[in-house]
Amino acid sequence: MKLPLNLSCASLLVLALAAPAAWAKLPPPPATPEAKAKAAEAAAKTAWSGKVDAYKLCQAQDRVAAKYRASATAAGKPVPPAPATPPCADPGPFVFTPPAEAKPIEAAGAHSPATTAASPPSTTQPAAAANPTPKAQ
């Protein structure tokens, strides 16, 4: 059975308009505690790697400056005094300490006090007597 030209064009148009919806990204699944811990470790390792790179760069700059000073001194050129720079800080080996697990608000004791009030919070003293406002001068 052959479809009329109008019907086939209309069906192609519908398919063309529906194709982006078919390729749309689904939202990522909710993160599990294991995935969060793995992401935190990856972030810590990346930060440590940056510190190691900065340490190696600092050492390389010190070597280049020392070679320049030695070659300039050997050639009899005047060498200005070296500027004071902080020493290179070695970051040490990578050590990951997982962050402490946060308690939910209910378990943290952040809500109302546990004891029952023995008396009402109000008094017979007027608020103006308890908190006098200073006079304007």
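Up top you'll find the structure we're talking about.
Residues numbered from 1 in each chain as written. Predicted model: local features only at pLDDT ≥ 70, side-chain atom pairs only at ≥ 80, totals over all residues. Heavy atoms only, no water.

Caption draft 1: Summary view of the overall build of the protein. Looking only at helices and strands, one finds 4 helices and 0 strands in the protein. The order of α-helices and β-strands along the protein, N terminus first, is α-α-α-α. Here the protein holds 137 residues, and the buried ones make up 3% of them. As displayed, the protein has an accessible area near 12,700 Å², and 67% of this comes from carbon and sulfur atoms. (Helix = DSSP H or I, 4+ residues; strand = E, 2+ residues; numbered from the N terminus. Buried < 20%, exposed > 50% of the residue type's maximum accessible area, 1.4 Å probe, protein only. Areas by Shrake-Rupley, 256 points an atom, 1.4 Å probe, with all protein chains shown as cover.)

Caption draft 2: Structural context of the state of the cysteines. The final tally for this structure, using the stated rule, is 1 disulfide. Each disulfide pairs two cysteine sulfurs, and for Cys58 the partner residue is Cys88, the sulfurs being separated by 2.0 Å. Between Cys58 and Cys88, the disulfide has an S-S torsion of -85° and is therefore left-handed. With a gap of 30 residues between them, Cys58 in helix H2 (residues 33-74) and Cys88 in the loop between H2 and helix H3 (105-108) connect regions that are remote in the sequence. On the basis of relative accessible area, Cys88 is assigned to the partly exposed category, the value being 23%. (Disulfide = S-S within 2.5 Å.)

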